[in-house]
Every structure is written in structure tokens, then in C-alpha cells.
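Breakdown of the fold
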Amino acid sequence: MSYYGPVLAVTAVILLTEILMGRHRGIYRRDDILVIGLCALLNPLVTRALAGLLIAGAAALLLPQGKGALAHLPLLPSYIGLFLLVEFAFYWGHRWAHEGQRRPALRWLWKIHRTHHAGRYMNVLVTQRINLFWSFVVPTAWITGFAVYLGQGMAAGLVVLTIFCWNLITHSHFRWDDAIRRHPRLGRAFRGIEHLLISPGMHHSHHGYGKDGASYRNYAVTFAFLDWMFGTLHIPEGRPWRYGVPGAQPHWAEEIFYPLVRIPASVQEGGKAHPADAEEKAVA
Ligand SMILES: [Zn+2]
Ligand SMILES: [Zn+2]
């Protein structure tokens, strides 16, 4: 899609800055390289195209008279309405994915989303850690796909672009927001803004556990007021104690290909401890 070029360029600039500032040094296992590399390659080249075809087919089947039916609507209200709808649906889809950690009926959804959380670090490459089947289930793809079919391709493209850019800001290793949040005069106002918009610290919390980690909080991509409304807002003090998923780490093949590839838990456990764990314990 046309928005993908600029997104890749911005990702590359932030990535390069993170690398030059040493934020990627010594954090990756071989499995991380496999997961990030294959997901970054196969998602744009294969699965997003297949998901697009599926969603376009479903739209044509369910709304045979709908092609281009909303094309006459003005761009700005369409963009705002679509953005709100996508964020609302994503909030709930994302929340259900995390509830799959506790609810057996949603376990499959958590395993698809878990790939994004299994990295024990935060930087822009985490935005590429996406299981190949996420594009088929995430509400964002379905709603923007239907919007394209209905004639709102420009609004849908802008919504996807906005979400991509916000994800880059909130996944980047840089925590510029901490200084503002702690500022004696600006801190209070910034915390107020964090009730409306998701900051990097808030999404880092969502990827963390232990102190200031909050896997069951901050589900929205952009609009924190959804978390505020539905009781899942968490504004952190600092970085979480750990990033990633506690306990046994998923097998790289399952991370990428689940549900096509399923590795028994007994095989996944053992021999998977990250060397960084030992270093962190030594430092602590
Ligand atoms: Zn999540
Ligand atoms: Zn994330």
C-alpha cells in the first residue's frame, strides 16, 4: 500500500538513531532475529495481502450494493469517525487477546498476540514482532478494509498511517515523556493529557511486568480515554521492572506461525533462559 513506504522510512530513521545510541546492544537472542526478520518480511509480502483479499471478498459478499457507497462523505469527518471506530474496536480486541492469558476460550487469541509481547526489550523493531495471523483477526484490518470498499480509501489510509506513526512513538526505546511527567510544573498537565492520549511510558508499561509493568492496562493504541473509560488506565512512574512475557518463552516457530505451528509447552520450557537475565540478576 502507498502508506507503507513513508512508514518504513520513518521506522528506519528511528531505528538507526536507537542503534547509534546503543539501545540495541546485546539484547537479542537468535530466536529474536528469526522472529523479527521473518515477521517483517512475510507480513507485508504475504499475509497482509491475503488478509486484504479475504476482507475485500467478505465486504463484497456482505454488502453487494455497498461498493463506493460512502465515497461522497467529506474526508475530515470520515477520518475522525473511522479513527474513533477503529480505536474502540481495537481496544476491545486487544483487551480480549490479553484476557486469553486467563480465559481458555480466548487462549488462541493471546497466543497470536503474544508474539508482540515476547520481546524482552522495547524499541521500534517490536512493531514488527507480529504473528502472521494477527492481520486476519485484528479489528483495524477489517474496519479499514470495509472502509476502503465503501469508498473511504483515503480516510482509511490516513487512519492506518496515524496508527503506525503512533506505534513508532510509543514503542521507541526513547522515554522523553518521563522528564515531562516528573517536571514540577508540567507533570500535572502531562498526566492529564495521558488520560486522553497514550504516551511511550504507558505503552512500555503494557509490555512490562513487575513494578510499573501492567500487561492488563493501557490497551488503546492512541486514545487513552478508552482505557480511562473502561477502567484499564495505568500511568507509570518509570520503566517496568522487566519487558516481555514472564515464565517459559514461546518457541520462535510458534511465535511466527501459530496456530499453524503448535509446540508443546514441555518442549518450550528449559534451556530458554536469556543470558541477559543472569546479567540483570547480577546487577540487581
Ligand atoms: Zn498487548
Ligand atoms: Zn506494543
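Computed from a predicted structure; not experimentally measured.

Attention now goes to the UniProt feature "domain: Fatty acid hydroxylase" (unreviewed entry) in the chain. As annotated in UniProt, the feature "domain: Fatty acid hydroxylase" (unreviewed entry) corresponds to residues 82-232 in the numbering used here. In this annotation, residues 82-232 is assigned 60% helix and 1% strand; the end-to-end C-alpha distance for the span is 23 Å.

Turning our eyes to something else, we now look at the packing of helix α6 (residues 139-149) against helix α7 (residues 153-171). Relative orientation and spacing of two packed helices are given, respectively, by the angle between their axes and the distance between those axes. Their axes nearest at 7 Å, the elements α6 and α7 cross at an angle of 155 degrees. The angle between the axes of α6 and α7 places the two elements in the roughly antiparallel class. Read as a crossing pair, α6 and α7 show a hand that is left-handed. The residues of α7 that touch α6, namely those facing Thr140, Thr144, Ala147 and Val148, are Gly153, Ala155, Ala156, Val159, Val160 and Ile163. The residue inventory of the contact of α6 with α7, partitioned by class, reads seven nonpolar, three polar and no charged.

Quick look at the environment of Gly247 now. Within the secondary structure, Gly247 is located in the loop between β2 (242-243) and α12 (252-257). In sequence terms Gly247 and Ser205 are 42 residues apart; their C-alpha atoms lie 18 Å from each other.

This part covers the UniProt feature "transmembrane region" (unreviewed entry) in the chain. The UniProt entry lists residues 6-22, 34-63, 75-93, 130-149 and 155-174 under the feature "transmembrane region" (unreviewed entry), expressed in the numbering used here. End C-alpha atoms of residues 34-63 are separated by 40 Å, and the span's content is 97% helix alongside 0% strand. Helix makes up 100% of residues 75-93 and strand 0%. Its end C-alpha atoms lie 26 Å apart.

Maximal helix bending in helix α2 (residues 30-62) amounts to about 55 degrees, located at Asn43; proline Pro44 follows within four positions. Close packing links the buried residues of α2 with α4 (107-117), α5 (134-137), α6 and α12.

Rules used throughout
- Residues numbered from 1 in each chain as written.
- Chains lettered and ligands numbered in written order.
- Predicted model: local features only at pLDDT ≥ 70, side-chain atom pairs only at ≥ 80, totals over all residues.
- UniProt positions renumbered as here; feature names shortened; annotations may be inferred.
- Helix = DSSP H or I, 4+ residues; strand = E, 2+ residues; numbered from the N terminus.
- Axes fitted to C-alpha atoms, helices over the stretch in contact; angles between N-to-C directions.
- Parallel < 35°, antiparallel > 145°, perpendicular 65-115°, else oblique.
- Left-handed = near helix turned anticlockwise from the far one by under 90°.
- Contact = placed C-beta atoms within 7 Å.
- Nonpolar A, V, L, I, M, F, W, Y, C, P; charged D, E, K, R; others polar.
- Bend = angle between axes of the 7 residues up to and from the residue.

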